[in-house]
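Topology and contacts: notes
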Amino acid sequence: MAETDPKTVQDLTSMVQTLLQQMGDTYQTASHRIIGRIDDTSRHRDNLENSVADLTTQAGVEGLEDEDKIPTTQKS
């Protein structure tokens with residue numbers, strides 16, 4: 001057996017606790033990264049929506065109707 005193999009129940013318990021702690025830390029790090037990316041994506045989407053709204057205002061296009069998303073200037 002390798003030197004890292006547990007020799008007693010206490011050794012095994014300690015190894016399992018260490019492994020669980022490492023897994024928890026890895027999960028927590030991944031979770032924070034995912035949430036950060038979601039927040040970044042949300043900010044980018046908001047900026048994009050604001051830019052589109054600014055461009056449509058500059059172009060003189062009126063707001064879109066909610067029902068069919070056709071500009072009100074093109075509806076008959």
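Up top you'll find the structure we're talking about.
These notes cover the structure that comes with them. (Residues numbered from 1 in each chain as written. Predicted model: local features only at pLDDT ≥ 70, side-chain atom pairs only at ≥ 80, totals over all residues. Heavy atoms only, no water.)

Here we look at the overall build of the protein chain
Across its full length, the protein chain holds 1 helix and 0 strands. For the protein chain, with 76 residues in total, the buried portion stands at 1%. For the protein chain, the accessible surface area stands at approximately 7000 Å², while carbon and sulfur atoms represent 55% of it. (Helix = DSSP H or I, 4+ residues; strand = E, 2+ residues; numbered from the N terminus. Buried < 20%, exposed > 50% of the residue type's maximum accessible area, 1.4 Å probe, protein only. Areas by Shrake-Rupley, 256 points an atom, 1.4 Å probe, with all protein chains shown as cover.)

Digging into a nonpolar patch on the surface
Taken together, the side chains of L12, V16, L19, L20 and M23 make up a nonpolar region of the molecular surface, amounting to roughly 470 Å² of accessible area. Given the relative accessible area of 54%, L20 is considered exposed. (Patch = residues over 30% accessible without salt bridge, like charges linked within 9 Å, V, L, I, M, F, W, Y side chains within 5 Å. Salt bridge = Lys/Arg side-chain N within 4 Å of Asp/Glu carboxyl O.)

A closer look at the pattern of salt bridges
Summed over all chains, the structure comprises 3 salt bridges. Of the charged contacts in the structure, one is a salt bridge between D40 and R43, with a shortest N-O distance of 2.3 Å. Pair noted here: D40 and R43 are both in helix α1 (residues 9-59), with a separation of 3 residues, about one helical turn. Residue classification places D40 among the partly exposed positions, given a relative accessible area of 34%.

Comments concerning α1
In a regular helix each residue adds 1.5 Å, so 51 residues correspond to 75 Å; α1 covers 74 Å between its end C-alpha atoms and thus fits that length. Within two residues after α1, G60 carries a phi angle of roughly 80 degrees, on the positive side. (Expected span 1.5 Å × (residues − 1).)

Such coordinate-based values are descriptive only and should not be taken to indicate function.
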